Amino acid sequence: MLMSFLAICAMAQNSRVEQYLERLAERGAKVSVARMNDESRLGRRYHLRFENVDILQGNEVIDSSHHVPALVDSICLFLDGMALNSVEAYRYNKRSCLCDTITYSLSLRAYGENEDYVIEPEATSEFYSTPMNERFRQYHSGVYENSYTRYEKILRSSLKGKNRRAFMGAKELILFDYVNGRGNLIYMNNVENDEYRSFFNFHMEPFDSVLASAMAEVKVRKHKVEYTHRDDESLDRNSAYYYTEELLYGSNFSHSKGTLYVVETPDEARHTYERLFHKAYSHMDREKGQACVMEYSNRHFSLCGVKSINRLKVNNDPRSSYVIADLGNDGRLYVLRLEVEGEYWIPKDWKRVYMVGDHLPKKR
């Protein structure tokens, strides 16, 4: 179940934090990762979730005294060590008869020439001046609306106090919250993108070449799909697997056309998934001048980006390329490759749109 995450850890030299997150994944934490190549930054986010069933080790239990599990203790020790070299660090720990609450907010790298200039949450301008009078851009913004920046907006609006200060004031940060057996850890890391000046439109062709080659080597079912969400239709997010907002300003229109691939044999499915996953991940490293987003967790990933940033900004004409792959519990591999006009609007049942009585394409 950790194949995606562990494969990445083997492909790159990870930071100390990422190496530790790998170990947490091995011990039962649920991990989701997102990467973004943007006009001014290269962003990376890890989100780990903890619940009793995942984090209790051996015969460990949380009794009436709510003793902190060993895994959470190890997280606190690790964060205490990271706090020694942080720009700012806060810890809150409250124990009572019925509640054990732990919170950490670490600003590992901030802004400015020496990466030690913390931005106040109340600041509203997109640009700030350092004490050396050098200008820089706060990285919690993006060249266009996408799933990564949307998550940042939601996170920012939900954070209060020290957590909000850490988020707003740092390029690299860790937030950890734990209450009675449940917790969340968020690690975000932004670095300057030095390649954006040359090009930042997304091109899926290198991935498509690998996709075509991989599908030619296995037994696969292919089904043409087309999704349309009209501007006058309701925004029922419960029916959508994936959607965007504010990409096509003033309209909710979405039109997607493409192919759904289904690899039936489990061994072929796993091998093909690994091949596609590695190609998608390496695309983020090799094409840093392209504005795109990759998200993955367990046996699932997506890769997408806007094909022309100038066309989007000048003409309000968003045209995107999108791929999602899912190694299902049924042993099959599902790959959906789409070209999108307007907003992204992908139905929640995208893996089953081809199935009527198990074999025939379903009309939409």
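Being a predicted model, the structure only gives us computed values, none of them experimental.

Visitor: I'd love a proper account of the overall build of the protein, names of residues and values included.
Guide: A tally of regular secondary structure across the protein gives nine helices and 16 strands. For the protein, the proportion of its 364 residues judged to be buried stands at 52%. With an accessible surface of roughly 17,400 Å², the protein has 49% of that area assigned to carbon and sulfur atoms.

Visitor: I'd like a rundown of the packing of aromatic side chains, residues and numbers included.
Guide: Using the criterion set out here, one finds 10 aromatic pairs in the structure. Ring centres of Phe-50 and Phe-176 lie 6.1 Å apart, and the angle between their planes is 85°; on these two criteria the pair is classed as edge-to-face. Linking Phe-50 in strand E2 (residues 41-50) with Phe-176 in strand E7 (residues 172-179), this pair joins segments that are 126 residues apart in sequence. Accessibility assignment for this pair places Phe-50 and Phe-176 in one class, buried. Measuring from centroid to centroid gives 6.2 Å for Tyr-281 and Tyr-296, while their planes differ by 75°, and the two rings are edge-to-face. Of this pair, Tyr-281 sits in helix H8 (residues 266-286) while Tyr-296 sits in strand E12 (residues 292-297); the two residues are 15 residues apart in sequence, bridging distant segments of the chain. An aromatic cluster of at least three residues, connected via ring pairs, comprises Tyr-273, Phe-277, Tyr-281, Tyr-296 and Phe-301. For Arg-45, the ring lying beneath its charged end belongs to Tyr-148, and the centroid distance is 4.9 Å.

Visitor: Residue-level account of the side chain of Arg-35, with values.
Guide: Position of Arg-35 among the secondary structure elements: in strand E1 (residues 30-37). Among the polar contacts made by the side chain of Arg-35, one reaches the side chain of Tyr-281 at a distance of 3.4 Å. With residues up to four places along the chain from it excluded, the contact list for Arg-35 reads Gly-43, Arg-44, Tyr-148, Tyr-281, Met-284, Asp-285, Cys-292, Val-293 and Met-294.

Visitor: Explain the nonpolar core to me, using residue names and the numbers behind them.
Guide: With 54 residues, the main nonpolar core has Phe-176 and Phe-301 as its most contacted residues. With 37 residues, the next largest nonpolar core counts Met-36, Ala-170, Ile-186 and Tyr-322 among its residues.

What counts as what
Along each chain, residues carry numbers from 1 onward, in the same order as the chain's sequence is written. Reporting of local features is limited, given that this is a predicted model, to residues whose pLDDT is at least 70; pairs of side-chain atoms are given and counted only at 80 or more, and all residues count toward the totals for whole chains, interfaces and linings. Based on all heavy atoms of the structure, the side-chain values leave hydrogens and waters out of the count. Each helix is a run of DSSP H or I of at least 4 residues and each strand a run of E of at least 2, with the numbering of both proceeding from the N terminus. Burial status follows relative accessibility: with a 1.4 Å probe on protein chains alone, a residue under 20% of its type maximum counts as buried, one over 50% as exposed, and anything between as partly exposed. Here, Shrake-Rupley sampling with a 1.4 Å probe gives the accessible areas, and only protein chains in the shown set may cover a residue. Note on aromatic pairs: the rings of Phe, Tyr and Trp (six-membered ring only in Trp) are paired at centre separations within 6.5 Å, and the planes decide the class, stacked below 30 degrees, edge-to-face beyond 60, tilted for the rest. Throughout this description, the term charge over a ring refers to an Arg CZ or Lys NZ atom that lies within 6 Å of the ring centre and within 35 degrees of the ring normal. As used in this structure description, the phrase polar contact means that two N or O atoms lie within 3.5 Å; if the pair is within protein, one of them must be able to donate a hydrogen and the other to accept it, and residues adjacent in sequence are counted only when both atoms belong to side chains. We call two residues in contact whenever any of their non-hydrogen atoms come within 4.5 Å of each other. Only buried residues count toward a nonpolar core, which is a set of Ala, Val, Leu, Ile, Met, Phe, Trp, Tyr and Cys residues joined through side-chain atoms within 4.5 Å.

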